[in-house]
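Take a look at the letters that make up each chain.
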Amino acid sequence: MSTPPLASGHQGPHALRPLLDTVLAALDTGARARGGPLPTGGPEAVAGRIREAAGDVLPDHGDPHALHTLVHAFATTAADPAHPLCAAHLHCPPLAVAAAADLAASALNPSMDSWDQAPGASELERLVATALAREVHPAGTPDSLVTTGGTESNQLALLLAREAHGGSVRLVCGANAHHSLPRAAWLLGLPEPVVVPAPGGTLDPEALDATLTRLTGPLIVAATAGTTDAGLIDPLPEIAAHCTAHGARLHVDAAYGGGLLFSDRHRTRLTGLDAADTVTLDLHKLGWQPVAAGLLSVRDAHDLTALRQRADYLNADDDTEAGLPDLLGRSLRTTRRPDVLKLAVTLKTLGRSGLGALVDQVCAHARQFAALVDAHPDFELHAPPVISTVLFRPTGATDTTVAAVRRALLTDGSAVLGRARLDGRLWLKATLLNPATGPDDLAALLHLAAASRATLVEGHTPR
């Protein structure tokens, strides 16, 4: 057996070209076979299709058609975030230019834990990390780290707070905070978090003030700019003022809402963000990047010294003194992908105005969909959207019916809606992240939800 071709090196592009043709053809045929935003039949049917395609996943002898077979099956059974009726989660359709850049990153395969594995990538990461940190923190000496997303960024934020306070800090967060924050406190061995009421879905500043008044010891307050359930933004200026008054550190989880920074029209919703000590961003949400594309921005780059580590084979003292950049303190991970390349290509290709236009488009789609819901006699709108999430439910339906409507659409493969519990009730959730969505798509999404509810009421299973 001859040696399989490699993706990089002089022959890499020639080896990749026919394989890319195979992949693109399989993506096309797979999408056509799926026909909608989600495969039909539910979990068992989808699992059966994958089992049939995979067969023996480690055969004695290789299958030359495996690439086409498995990519076709992968596409056939995928949830397609580029389909306008796929609107459940903060799961964006990636830009083609970002996906193309990601191919180059995969082919060259730099590892971002030492300069000699990623010479150019390390400098590109420094440039992009600094530029994005200055978007969040225009003043001072900011910096940012590339992460896998909000969960890692939030954990890093708590770790940096703990180290800044000499090894002990207590998390204070709203009842609306992302689940990764209390989980991070648990992982880091911090005291049980103090949860502040969030009536209506946003943290109550007066309740926060009262909480900070009665607590002692080092504290970190975590606010949210773009909740996962409704896309709501906490009152950041008031929260920042209370943190300053009480000497508490402030972290803002802006994994969802951080993308508003690119929009001249919407960035004022993030007023007060620059007062935070640390800020979580996810550009695989309102940034249209392939997963993963997270960042943690810090107002004071000195905070990152807590992450410094020494491993002689990666960042020996004499190498560092001789001028080789030390990358080991840029992450909790050792081996990590050069996710910065797709970010850099996207930022330079679209610019602030191009990204801002995409943000404006999805926010406008949310307002349009909310207007359709509000005008429909069979649906109830929770509230006007803040970013690009719309909560709605069939008028007079029980929570059981709301959940059943969503599952029926998933099983049918016709539409993908999320769910959120707010104000003591269950709501259908449309998270609109596809800039190419049109008015007819929005009308179709609402029509499918109405038809599903009607079918359930009649006691029939939707086709």
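Within every chain, residues take consecutive numbers counted from 1 along the sequence as written. With the structure being a predicted model, the display of local features is reserved for residues of pLDDT at least 70 and the display and counting of side-chain atom pairs for 80 or more, all residues being used for whole-chain, interface and lining totals. Each side-chain value is worked out from all heavy atoms of the structure, with water and hydrogens disregarded.

Novice: For this particular structure, what's the right way to read the overall build of the protein chain?
Specialist: In terms of helices and strands, the protein chain carries 14 helices and twelve strands. Dimensions of the protein chain, computed from C-alpha atoms along their principal axes, come out at roughly 70 × 70 × 40 Å. Whether a residue is buried, partly exposed or exposed follows from its accessible area with a 1.4 Å probe, protein chains only, as a fraction of its type maximum: under 20%, in between, or over 50%, in that order. For the protein chain, with 463 residues in total, the buried portion stands at 50%. Of the contacts formed within the protein chain by residues at least 6 apart in sequence, a portion of 71% connects residues at least 24 apart. Calculation of accessible area relied on Shrake-Rupley with a 1.4 Å probe; when residues are assessed, cover is drawn exclusively from the protein chains displayed. As presented, the protein chain carries roughly 21,500 Å² of accessible surface, and 56% of it is formed by carbon and sulfur atoms. A run of DSSP states H or I qualifies as a helix once it reaches four residues; a run of E qualifies as a strand once it reaches two. Both are numbered from the N-terminal end. Only heavy atoms enter the contact rule, under which two residues are in contact if any of them lie within 4.5 Å.

Novice: Could you clarify how one ought to interpret the sheet that holds strand E10 (residues 389-394) in this entry?
Specialist: As a general point, the strands of a sheet are linked pairwise by backbone hydrogen bonds and lie either parallel or antiparallel. Strand pairing is defined by DSSP finding a minimum of two bridges between the two strands. Read from one edge to the other, the open sheet built from five strands follows the order E1-E11-E12-E10-E9, with strand pairing classed as mixed. Edge positions in the open sheet fall to strand E1 (86-87) and strand E9 (379-381), since each of these has one partner strand only. In the sheet, E1 pairs with strand E11 (residues 416-422) via two bridges, with the strands oriented parallel. Directly across from Cys86, in E11, lies its bridge partner Val416. Axis geometry follows a simple rule: fit a line to the C-alpha atoms, using only the stretch in contact for helices, then measure angles between N-to-C directions, giving values from 0 to 180 degrees. Strand contacts of helix H12 (residues 340-375): E9, E10 and strand E12 (425-431), with the helix running at about 15° to E10, the strand carrying the most contacts.

Novice: Hey, could you run me through helix H6 (residues 150-164) in this one?
Specialist: For an α-helix, 3.6 residues make a turn, and residues three or four places apart therefore share a direction. With 15 residues, H6 extends 21 Å between its outermost C-alpha atoms, agreeing within 8% with the 21 Å of an ideal straight helix rising 1.5 Å per residue. Taking burial as the measure, the 15 residues of H6 include eleven buried ones, the bulk of the element. For H6, every residue scored as buried is listed here: Gly150, Glu152, Ser153, Asn154, Leu156, Ala157, Leu158, Leu159, Leu160, Ala161 and Arg162. Backbone geometry just after H6 places Gly166 at a positive phi near 75°. Every helix has an expected span of 1.5 Å times one less than the residues it contains.

Novice: How do you make sense of the packing of aromatic side chains when you look at a structure like this?
Specialist: A ring pair, where both rings are aromatic, is described by two values, the distance of the centres and the angle of the planes. Pairing of aromatic rings covers Phe, Tyr and the six-membered ring of Trp, with a centre-to-centre limit of 6.5 Å; geometry is then stacked below 30 degrees between planes, edge-to-face above 60, and tilted otherwise. Summed over the entire model, instances satisfying the criterion amount to two aromatic pairs. Taking 5.3 Å as the distance between ring centres and 80° as the angle between the ring planes, the aromatic pair formed by Phe369 and Phe392 counts as edge-to-face. Taken together, the positions of Phe369 in helix H12 and Phe392 in strand E10 put the pair 23 residues apart, joining distant regions of the chain. Exposure class is identical for Phe369 and Phe392. Each is buried.

Novice: Looking at this model, I keep getting lost on empty space enclosed by the protein. Mind explaining?
Specialist: Rolled over the atoms, a probe sized like a water molecule indicates the empty space that remains. Buried and open spaces are told apart on a 1 Å grid over the protein atoms alone, a cavity being a set of points where a 1.4 Å probe fits but cannot get out and a pocket being an open set with protein on both sides within 12 Å along at least five of seven lines. Residues with an atom within 4 Å of a point are the lining residues. Grid points are joined across faces, edges and corners, and a volume is the space filled by probe spheres set on the points. Across all of its chains, the model carries three cavities of 30 Å³ or more by this definition. If you add up the space inside the largest cavity, you get close to 60 Å³. Lining the largest cavity are Pro81, His83, Pro84, Cys86, Ala87, His91, Pro93, Thr431, Leu432, Leu433, Asn434 and Thr437.

Novice: How do you make sense of the packing of helix H4 (residues 96-108) against H12 when you look at a structure like this?
Specialist: When two helices pack together, their arrangement is captured by the angle between the axes and the distance separating the axes. For the pair H4 and H12, the least separation of the axes is 8 Å and the interaxial angle reads 145°. In this structure, H4 meets H12 at a crossing whose hand is right-handed. Packed against H4, whose contacting residues are Val97, Ala98, Ala101, Asp102, Ala104 and Ala105, the element H12 presents Leu341, Lys342, Val345, Thr346 and Thr349 at the interface. For the contact of H4 with H12, the residue count by class is seven nonpolar, two polar and two charged. Put simply, a crossing is left-handed when the front helix is turned counterclockwise from the back one by less than a right angle, and right-handed when it is turned clockwise. In the scheme used here, Gly and all other residues not listed as nonpolar or charged are polar, with Ala, Val, Leu, Ile, Met, Phe, Trp, Tyr, Cys and Pro taken as nonpolar and Asp, Glu, Lys and Arg as charged.

Novice: Can you help me understand the pattern of salt bridges in this one?
Specialist: When their charged atoms lie close together, side chains carrying opposite charge are able to pair. Salt bridges are identified by distance alone: a Lys or Arg side-chain nitrogen within 4 Å of an Asp or Glu carboxyl oxygen. Within the structure shown, the criterion is met by 21 salt bridges. Close ionic contact of Glu125 with Arg336 constitutes a salt bridge, the shortest N to O distance being 2.8 Å. Here Glu125, found in helix H5 (residues 119-136), pairs with Arg336, found in the loop between helix H11 (317-321) and H12; they are 211 residues apart in sequence, far enough to count as distant. Here Glu125 matches Arg336 in class, with each residue buried. A single network of salt bridges, built from pairs that share partners, joins Asp102, Arg337, Asp339 and Lys342.

Novice: Explain the layout of surface pockets to me, please; I cannot follow it from the model alone.
Specialist: Taken as a whole, the largest pocket holds about 1,200 Å³ of empty space. Taken together, 35 residues line the largest pocket, and the ones lying closest to its centre are Val23, Leu27, Phe74, Pro94 and Ala99. Sorting the residues of the lining of the largest pocket by element identifies helix H1 (12-34), helix H3 (66-76) and H4 as the ones contributing at least two each. Class assignment for the residues of the lining of the largest pocket results in 24 nonpolar, eight polar and three charged. Its volume calculated, the second largest pocket comes out at about 390 Å³. Forming the boundary of the second largest pocket are 25 residues, of which His178, His179, Thr227, Thr228 and Asp253 lie nearest the centre. In terms of residues, the lining of the second largest pocket owes the most to one element, H6, which gives three residues.

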